[in-house]
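Structure assessment
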Amino acid sequence: MKFEQLNLDPSILMALQEKNYEQPTPIQAQAIPLIIQKKDVLATAQTGTGKTAAFAIPIIQNMLNNSDKKPSKRNIKALIVTPTRELAIQIDENIRLYAKYTSLRHCVIFGGVKQGKQVQSIRRGIDILVATPGRLLDLIGQKIIHLHQVNTFVLDEADRMLDMGFIHDIRKLLQLLPKKRQSLLFSATMPDHIVKLSKQFMQQPSKVSVAPVSSAAETVTQKVYYTNKADKKQLLLHILADGSINQALVFSRTKHGADKLVRILQKKQIKAAAIHGNKSQNQRQKALKNFKEKSLRILVATDIAARGIDIQQLGYVINFDIPNIPETYVHRIGRVGRAGATGIALSLCEPEENQFIKDIQRLINQKLEAIQKHPYPQTEKPMSKAEKKVFEQEKKERKSAYFASRKKRDGGNNKNRFNRKGKNRN
Ligand code: AMP
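What you see is a predicted model; the values in this text were computed from it and never measured.

Thresholds applied
- Within any chain, residue numbers begin from 1 and follow the written order of that chain's sequence.
- Given that this is a predicted model, residues contribute local features only at a pLDDT of at least 70 and side-chain atom pairs are listed and counted only at 80 or more, while totals for whole chains, interfaces and linings are drawn from all residues.
- Side-chain metrics rest on all non-hydrogen atoms present in the structure, leaving aside hydrogens and water.
- We treat two strands as partners when DSSP finds at least two bridges between them.
- Numbering goes from the N terminus for both helices and strands, where a helix is a DSSP run of H or I of at least four residues and a strand is a run of E of at least two.
- Throughout, a residue-residue contact means that at least one pair of heavy atoms, one from each residue, lies within 4.5 Å.
- Inter-axis angles, ranging from 0 to 180 degrees, are taken between N-to-C directions of lines fitted to C-alpha atoms, where helices are fitted over the stretch in contact.
- Convention used here: angles under 35 degrees read as roughly parallel, angles over 145 as roughly antiparallel, angles from 65 to 115 as roughly perpendicular, and any remaining angle as oblique.
- Here a crossing is called left-handed whenever its near helix is offset anticlockwise from the far helix by less than a right angle, and right-handed whenever the offset is clockwise.
- The nonpolar class holds Ala, Val, Leu, Ile, Met, Phe, Trp, Tyr, Cys and Pro. Asp, Glu, Lys and Arg form the charged class, and all remaining residues, Gly among them, are polar.
- Three labels apply to residues, based on accessible area from a 1.4 Å probe with only protein chains included: buried if under 20% of the type maximum, exposed if over 50%, partly exposed otherwise in between.
- Lys and Arg are tallied as positive, Asp and Glu as negative. Neither His nor the chain termini are counted.
- We define a salt bridge as a contact between a side-chain nitrogen of Lys or Arg and a carboxyl oxygen of Asp or Glu at a distance within 4 Å.
- N or O atoms closer than or at 3.5 Å make up a polar contact, with two conditions inside protein: a donor-capable atom paired with an acceptor-capable one, and, for residues adjacent in sequence, both atoms drawn from side chains.
- Definitions used throughout: a 1 Å grid over protein atoms alone; a cavity as a set of points that fits a 1.4 Å probe which cannot get out; a pocket as an open set with protein on both sides within 12 Å along at least five of seven lines; a lining residue as one with an atom within 4 Å of a point.
- Grid points are joined across faces, edges and corners, and a volume is the space filled by probe spheres set on the points.
- Note that patches include only residues with greater than 30% relative accessible area and no salt bridge, and the join distances are 9 Å for like charges and 5 Å for nonpolar side chains (Val, Leu, Ile, Met, Phe, Trp, Tyr).
- Reported accessibility uses the Shrake-Rupley method at a 1.4 Å probe radius. Residues are deemed covered only where the shown protein chains occlude them.
- A single reference atom marks each charge: NZ on Lys, CZ on Arg, CG on Asp, CD on Glu.
- Domain ranges listed in this record stem from an automatic or a database domain assignment.
- By buried area we mean how much accessible surface two parts lose on assembly, using a 1.4 Å probe and totalling the loss over both.

1. A few points about the sheet that holds strand E10 (residues 272-275)
- If you trace the seven strands from one edge of the open sheet to the other, you get E10-E11-E9-E12-E13-E8-E14, paired in parallel fashion. Every interior strand has two partners, whereas the edge strands, E10 and strand E14 (369-370), have only one.
- Sheet topology note: the strand E9 (residues 248-251)/strand E11 (residues 298-301) ladder contains four bridges and is parallel. The residue of E11 that forms the bridge with Phe251 is Ala301.
- In this fold helix H14 (residues 326-333) packs onto strand E8 (220-226), E9, strand E12 (316-319) and strand E13 (343-349), with an angle of close to 150° to the strand it touches most, E12.
- Docked against the sheet, helix H15 (residues 354-364) engages E8 and E13, running at close to 160° with respect to E8.

2. A few points about the packing of helix H2 (residues 26-36) against helix H3 (residues 51-65)
- Taken N-terminus to C-terminus, the directions of H2 and H3 make an angle of 25°; their axes are 9 Å apart at the nearest point. Considering their axes alone, H2 and H3 lie roughly parallel with respect to each other. Considering the relative orientation of H2 and H3, their crossing is right-handed. Seen from H2, the contacting residues are Ile27, Gln28, Ala31, Ile32, Ile35 and Ile36; seen from H3, they are Lys51, Ala53, Ala54, Phe55, Ile57, Pro58, Gln61 and Asn62.
- The residue makeup of the contact of H2 with H3, split by class, is ten nonpolar, three polar and one charged.

3. With respect to the side chain of Arg181
- Its location among the elements puts Arg181 in the loop between helix H8 (167-176) and strand E6 (182-187).
- Of the side chains with opposite charge, Asp40 lies nearest to the buried Arg181, which makes no salt bridge, at 6.5 Å.
- Separated by 3.2 Å, the side chain of Arg181 and the backbone oxygen of Pro178 make a polar contact.

4. What about the layout of surface pockets?
- Of the pockets and cavities examined, the largest pocket occupies roughly 1,600 Å³.
- Together, 40 residues line the largest pocket, and Lys229, Arg253, Thr254, Asp321 and Lys395 are the ones closest to its centre.
- Taken together, the elements giving at least two residues each to the lining of the largest pocket come down to helix H10 (232-240), helix H11 (255-267) and helix H16 (385-410).
- Considering each element in turn, the lining of the largest pocket owes the most residues, ten residues, to H16.
- Residues of the lining of the largest pocket, tallied by class, amount to twelve nonpolar, eight polar and 20 charged.

5. Quick word on unusual backbone geometry
- Even without being glycine, Gln269 reaches a positive phi, approximately 60°.
- Position of Gln269 relative to the elements: it lies in the loop between H11 and E10.
- The phi dihedral of Asn365 falls on the positive side, at around 55°, and the residue is not glycine.
- Residue class for Asn365 comes out exposed when judged on its relative accessible area of 71%.

6. What about the environment of Gly165?
- Along the chain, the position of Gly165 falls in the loop between helix H7 (158-163) and H8.
- For Gly165 and Phe403, which are 238 residues apart along the polypeptide, the C-alpha to C-alpha distance reads 24 Å.

7. Thoughts on the side chain of Thr84
- Position of Thr84 relative to the elements: it lies in the loop between strand E2 (78-81) and helix H4 (85-98).
- A distance of 3.2 Å separates a polar atom in the side chain of Thr84 from the backbone nitrogen of Leu87.

8. A closer look at the packing of H4 against helix H12 (residues 281-292)
- Where H4 contacts H12, the two axes come as close as 11 Å, and the packing angle between them is 60°. The angle between the axes of H4 and H12 places the two elements in the oblique class. In this structure, H4 meets H12 at a crossing whose hand is right-handed. Contacts between H4 and H12 involve Arg85, Glu86, Ile89 and Gln90 from the first element and Gln281, Arg284, Gln285, Leu288 and Lys292 from the second.
- Tallied by class, the residues present in the contact of H4 with H12 amount to two nonpolar, three polar and four charged.

9. Quick look at a positive patch on the surface
- Judged by side-chain charge, Lys233, Lys260, Arg263, Lys267 and Lys268 come together as a positively charged surface patch.
- Within the fold, Lys260 resides in helix H11.

10. Topic: the sheet that holds strand E7 (residues 206-209)
- Spatially, seven strands are ordered E3-E4-E2-E5-E6-E1-E7 in an open sheet, and the strand pairing comes out parallel. On the outer flanks of this sheet lie strand E3 (106-109) and E7, each paired with one strand and no other. Neighbouring strand axes in the sheet, compared pairwise and without regard to direction, differ in orientation by 15° on average.
- This element, H3, spans E2, strand E4 (128-131), strand E5 (152-155) and E6 of the sheet and lies at about 165° to E6.

11. Re the domain arrangement of the protein chain
- As assigned here, the protein chain comprises domain 1 (3-210) and domain 2 (220-370).
- Taking the mean C-alpha position of each, domain 1 and domain 2 sit 29 Å from one another.
- Tallying the contact residues gives 18 residues for domain 1 and 19 residues for domain 2.
- Taking both sides of the interface into account, the surface hidden between domain 1 and domain 2 amounts to around 1,600 Å²; carbon and sulfur atoms contribute 46%.
- A per-residue breakdown of the area domain 1 buries against domain 2 is headed by Glu86, Gln90 and Arg160, which together make up 36% of the total.
- The salt bridge involving Arg284 is made with Glu86; its shortest N-O contact spans 2.8 Å.
- There are three residue pairs in polar contact (both at pLDDT 80 or more) connecting domain 1 and domain 2.
- When residues of the side of domain 1 that touches domain 2 are traced back to their parent elements, those giving at least two are H4 and H7.

Here it is as structure tokens:
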């Protein structure tokens, strides 16, 4: 199939040609015609499948179709809500590309930065708004954003959105949207609670689906290094001594762990930076920009911060720790092998994570290739059930001792750190 067969405006076709998009991806071929027909669409598709264009292109097309019915004042007609700032920025960048030869206006809003510039853009009048939920509700509350002319609503990465605790924000938002509208829901996975949510706001949606999460990343070569916890850092340095790894996205489970890794890498003159929820938006954008421009070799990210990051031609993903949720692993390795490219995913597995690798293999129905010869082989055993119980108990005690001493130190005046649900997310 060709884009020309989708009845798109020449201005869109020109922009796509300029981006060297030769043909629609499967999700685009399925979703674009339905969205142009104004159907509600429930789509299972993960990042990397071309899902952003699958909703952005027909939204632009529908606006061009309606451009003769211009309202007297520009008001938001399409609202796209997505869980993370990075993803929001990326969607807006894609809209900029696809709408380059149209006069449509769009902008992106997200928290963590001052609202001034975002408010200015909105006041100038926009057709398409991309937003994260918190800032969106905030600006609606301030009566800066009005939704009464929204005719298309997109809930993007719905599964992640709920994982991140945005359900109440979404419910609130749904009540503020005009009843008569087109709704589109995109999600990498379609568990029951998402289907249930969709029923609350969609009218007999057409269902489209590509590459279920477990069959993702067929183009990614996946290898695992079994090692000991204490040897992981040395093993990472050993892996990076291979000069052919020109760039890698390294995943860390925690923000603290990500910072620690960056310090270790920098000590070895490896250019690295971290992105996670404790970094300011500017720091995150700068790190991402430097990584995309290849002046950074390593970007260390937590799962939520890395969500939706689109780095063209990224060859390597390294899992410094193994996620206990197998789907998270699939999301991670989906950072490489995007839009049909090839990539390599390396995982560093300590004894306690052996079970996680087994769960991942079960989900993807594939055995990861274990690297046999390396200088830091796994020699320790996973803890027995009894040992684990003692370990968890000790961990709990250490944690409560830490918080008790912090409370004492701060005189109980440390409310701001966690005062709003979700404020301190990765
Ligand atoms: P997404 O799933 O929206 O994150 O898109 C993944 C990547 O695929 C992005 O870099 C897009 O620019 C790219 N892409 C989307 N659609 C196409 C297409 N039809 N042909 C080539 N690349 C595409």
